[in-house]
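Residue-level structural notes
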Amino acid sequence: MKFGRSERGKSPVEPVTLKILVAGGFGVGKTTLVGAVSEIRPLRTEELLTEAGRPVDDTSGVEGKHTTTVAMDFGRITLREDLVLYLFGTPGQERFWFMWDELSEGALGAVVLADTRRLEDCFAAVDYFERRSIPFVVGVNCFEGAARYPAHTVRQALDLDDGVPVVLCDARDRESVKEVLIGVVEHAMAVAAERRQKVTT
């Protein structure tokens, strides 16, 4: 993508920039998702897990994880010449949840990343966005070796409203992640249109 005057003399395109949050439980793949799709080198605030944190960091099911996000992950992806998404990955551990209010300021929508082996870990993120009326999509990160469930089964387990999209994805795969992000934008636009309609009627 080029900014500035094109060879044909067209005026430069000033892209619309949108903020998307990536939330979910500890070790669910948020950092991986941001890194898979970002066209810039992602900003990461990861620290090594320590013995001191063992009593508060539940590593059940993610025993191979050695680092954790302590502030945020940040990445950027251009979906079209006139549409750029800024991605903010939230910290998954409860002791860092105070960051969520800052990160959610001005967000168009969010991805709640879920792992079917530890589905309860994303309840807090679902509740957070529901309470604040921030549109979100649930992305089920299909880990190798994990049981696969259809989207409607995950929807029932999470007690989601019918209007909340649930999509299966691979947080390591750029094209898979792009589809999830496009889903967030489309869902947020539909929610905004519905709210406007309610105001005018």
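Residues numbered from 1 in each chain as written. Predicted model: local features only at pLDDT ≥ 70, side-chain atom pairs only at ≥ 80, totals over all residues. Heavy atoms only, no water.

The number of helices and strands found in the protein is 5 helices and 7 strands. Ordering the α and β elements of the protein from the N terminus gives β-α-β-β-β-α-β-α-β-α-β-α. Relative to its 201 residues, the protein shows a buried fraction of 44%. (Helix = DSSP H or I, 4+ residues; strand = E, 2+ residues; numbered from the N terminus. Buried < 20%, exposed > 50% of the residue type's maximum accessible area, 1.4 Å probe, protein only.)

When we look at burial in helix α3 (residues 123–131), the residues that qualify are Ala-125, Val-126, Tyr-128 and Phe-129. The buried residues of α3 all sit within an arc of 160 degrees when viewed along its axis, so they share a single face. Positive phi appears at Ser-133, one or two residues downstream of α3, with a value of about 55 degrees. (Arc of directions from axis to C-beta.)

Residues of helix α4 (residues 151–158) that are buried include every one of Val-154, Arg-155 and Leu-158, and no others. Down the axis of α4, the smallest arc covering the buried residues is 105 degrees, so these residues share one side. Those residues of α4 that are exposed and aimed more than 90 degrees away from the buried face are His-152 and Gln-156. Considering only its buried residues, α4 is in contact with α3, β6 (136–141) and β7 (166–169). Downstream of α4 by a residue or two, Asp-159 has a phi angle that is positive, lying close to 55 degrees. (Contact = heavy atoms within 4.5 Å.)

Okay, the side chain of Asn-141 next. Along the chain, Asn-141 falls in strand β6. Here the side chain of Asn-141 touches Val-28 through a polar contact of 3.0 Å, landing on its backbone oxygen. Non-local contacts of Asn-141, meaning those with residues more than four positions away in its chain, are made with Val-28, Gly-29, Leu-113, Ala-114, Cys-169, Asp-170 and Ala-171. (Polar contact = N/O pair within 3.5 Å; in protein donor to acceptor, adjacent residues only side chain to side chain.)

Next up on the list: the environment of Val-22. Residue placement: Val-22 occurs in strand β1 (residues 16–24). Put simply, Val-22 and Val-34 are 12 residues apart on the chain and 7.9 Å apart in space, counted from C-alpha to C-alpha. Every residue in contact with Val-22, bar those within four places of it in the chain, is listed here: Lys-30, Leu-33, Val-34, Phe-88, Gly-89, Thr-90 and Val-111.

Remember that the coordinates give geometry; whether it matters functionally is a separate question.
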